[in-house]
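Descriptive analysis of the structure
The lines below spell out each chain.
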Amino acid sequence: MKTYTISKLAMLAGFLFTSSFANATVFTIDTFAVEKNGTTIFLDEFDDGNPPPSAPNFSNGNPATYFTLGNPGPESTGDRGTLQLDTSQGAETTSAVTGDPILMQRNRLSTNINNEDLSRGLKIDDDILVLGLYDFIAPEANREGYHIRLTDFDSTNPNPNDNVQLGVRRSESGDVSVVFREGDFDNNVFNILGQYALTMSDFAFFDQIALGLYTEANDNSVHAAFALLDYDNVVSDIFWEFDATGNIFDGENWTRAAFFAARAVPEPGSLALLAIGLAGLGFSQRRKGH
């Protein structure tokens, strides 16, 4: 019968912890687009092989870039471009709501944030639509998912009060849903505005999910909708619009569009508990051996 020293058990616990940590889901985004007053001003189809912060030009020819957190990519080339978002390669940061460590792959489009200049960027007097088209993949880990977002986050405002996001997320209990949420990071508040429960058969039947956030000019309300798409036409596509709305433009006239994937960081305490448990098992096996 095999016996293990405590040092070997600790190594084994470390291996198991690292393996679990690396076993994050790799999500893929197909398209990220921003529409302003009925015109597409930005379209990224992720087909030039250069992942964020690189971005295609705005529709007026001006250069565009992303503010990136984490290590997105690779990005493919060709007719069907995609960008991979591997949550295990995300940058470790802290949840502004719970204070827990998370890994995040965040890509926020750099647009004008001058409160006085309403002609540029995404401002309060604009009709705004943000669209993210993702491959329809089920998050594997609890508290993991992929999203689009409207936010007033910038370098001078690390705790934004207007964050409205829509995404596919696995909850703490393991349920997977399309979740519409808003957050006030300044006051550590995050509210679920609505959710649509998903099943594993949904992921088997549908190929992609289109996530949309939109707001009308001079209205602080943000609406959310999504569509599940089946390109083989085996089942009918599903479209769903949430009844509740979020709010932005609270204290500023601008917002920015972003897409991201994130997951919770496994608690360090779980490694210690695993090591202790394995050590106890090893001790028990040695006694049986004797």
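Use the structure listed above.
The structure presented is a predicted model; accordingly, all values stated were derived computationally and were not measured.

Considerations on the overall build of the protein chain
In terms of helices and strands, the protein chain carries three helices and 17 strands. Scored against the burial criterion, the 290 residues of the protein chain give a buried share of 47%. When contacts within the protein chain are restricted to residue pairs at least 6 apart in sequence, those whose partners lie at least 24 apart make up 64%. By element, 51% of the accessible surface of the protein chain is carried by carbon and sulfur atoms, the whole surface being about 14,000 Å².

As for the layout of surface pockets
Space left empty within the atom packing is revealed by a probe, the size of a water molecule, rolled over the atoms. Volume-wise, the second largest pocket comes out at about 310 Å³. Taken together, the residues that form the lining of the second largest pocket break down as three nonpolar, eight polar and two charged.

Looking at the pairing of strand β10 (residues 163–170)
Most of β10 sits out of view: seven of its eight residues are buried. The pairing of strand β9 (residues 144–151) with β10 spans eight bridges and is antiparallel. Counted as the bridge partner of His147 is Gly167 from β10. Looking at chain direction, β10 and strand β11 (residues 176–184) are connected through eight bridges and run antiparallel.

Section: the pairing of β11
Burial analysis of β11 places eight of its nine residues in the buried class, the great majority of the element. Examined bridge by bridge, β11 and strand β12 (residues 189–197) share eight bridges and lie antiparallel to one another. What sits directly across from Val179, in β12, is Gln195. Joining the antiparallel neighbours β11 and β12 is a turn of four residues, in which Asn188 adopts a positive phi near 55°.

Some thoughts on the side chain of Thr25
Assignment of secondary structure puts Thr25 in the loop between α1 (6–22) and β1 (26–36). Classification of Thr25 by relative accessible area gives buried; the value is 3%. A polar atom in the side chain of Thr25 sits 2.9 Å from the backbone nitrogen of Glu140. For Thr25, the contacting residues outside a window of four places in its chain are Leu85, Asp86, Thr87, Ile137, Ala138, Pro139, Glu140, Ala141 and Glu144.

Observations regarding a negative patch on the surface
On the surface, a cluster of negative charge is contributed by Glu45, Asp47, Asp48 and Asp79. Relative to the helices and strands, Asp47 resides in the loop between β2 (39–44) and β3 (66–69). Look at Asp47 and you get partly exposed, because its relative accessible area is 33%.

Quick look at the pattern of salt bridges
Where charged atoms from two side chains of opposite charge come close, those side chains can pair. Enumeration over the complete set of coordinates arrives at six salt bridges. Residue Asp30 is joined to Arg80 by a salt bridge in which the shortest nitrogen-to-oxygen separation is 3.2 Å. With a gap of 50 residues between them, Asp30 in strand β1 and Arg80 in the loop between β3 and β4 (83–86) connect regions that are remote in the sequence. With a relative accessible area of 13%, Asp30 lands in the buried category. Measuring nitrogen to oxygen at the nearest pair gives 3.3 Å for the salt bridge that ties Arg143 to Asp100. Here Arg143 is found in the loop between β8 (128–135) and β9, whereas its partner Asp100 is found in the loop between β5 (91–94) and β6 (101–109), with 43 residues between them in sequence. Assessed through its relative accessible area of 22%, Arg143 is described here as partly exposed.

Description of the environment of Leu228
Tracing the backbone through its elements, the reader meets Leu228 in strand β14 (residues 221–229). We classify Leu228 as buried; its relative accessible area is 0%. With sequence-adjacent residues up to four places away left out, Leu228 is seen in contact with Phe136, Leu198, Phe206, Gln208, Ile209, Asp237 and Ile238.

Rules used in this analysis
Every chain is numbered on its own, with residues counted from 1 as its sequence reads. In keeping with the model being predicted, local features are shown solely for residues with a pLDDT of at least 70 and side-chain atom pairs are shown and tallied solely at 80 or more, while totals for entire chains, interfaces and linings include all residues. Based on all heavy atoms of the structure, the side-chain values leave hydrogens and waters out of the count. Secondary structure elements are taken from DSSP: a helix is a run of H or I of four residues or more, a strand is a run of E of two residues or more, and numbering for both begins at the N terminus. Here's how the labels work: a residue is buried when its accessible area is under 20% of the maximum for its type, exposed when over 50%, partly exposed in between, all with a 1.4 Å probe on protein chains only. We call two residues in contact when some of their heavy atoms are within 4.5 Å. To measure how exposed things are, a 1.4 Å probe is used in the Shrake-Rupley method; for residues, cover is taken only from the protein chains shown. Grid spacing is 1 Å over the protein atoms alone, the probe is 1.4 Å, and a cavity is where that probe fits but cannot get out, while a pocket is an open set with protein on both sides within 12 Å along at least five of seven lines and lining residues have an atom within 4 Å of a point. Grid points are joined across faces, edges and corners, and a volume is the space filled by probe spheres set on the points. Gly counts as polar in this scheme, as do all residues outside two lists: the nonpolar Ala, Val, Leu, Ile, Met, Phe, Trp, Tyr, Cys and Pro, and the charged Asp, Glu, Lys and Arg. In this scheme, strands are said to pair when DSSP sees at least two bridges between them. Nitrogen and oxygen atoms within 3.5 Å of one another constitute a polar contact, given that in protein one can donate a hydrogen and the other can accept it, and given that sequence-neighbouring residues count only through two side-chain atoms. Patch membership requires more than 30% relative accessible area and the absence of a salt bridge. Residues of like charge join within 9 Å; the nonpolar side chains Val, Leu, Ile, Met, Phe, Trp and Tyr join within 5 Å. The salt bridge criterion pairs a side-chain nitrogen of Lys or Arg with a carboxyl oxygen of Asp or Glu, the two atoms within 4 Å. Charged residues are defined here as Lys and Arg on the positive side and Asp and Glu on the negative side; His and the ends of the chain fall outside this count. Charge positions come from single atoms, namely NZ of Lys, CZ of Arg, CG of Asp or CD of Glu.

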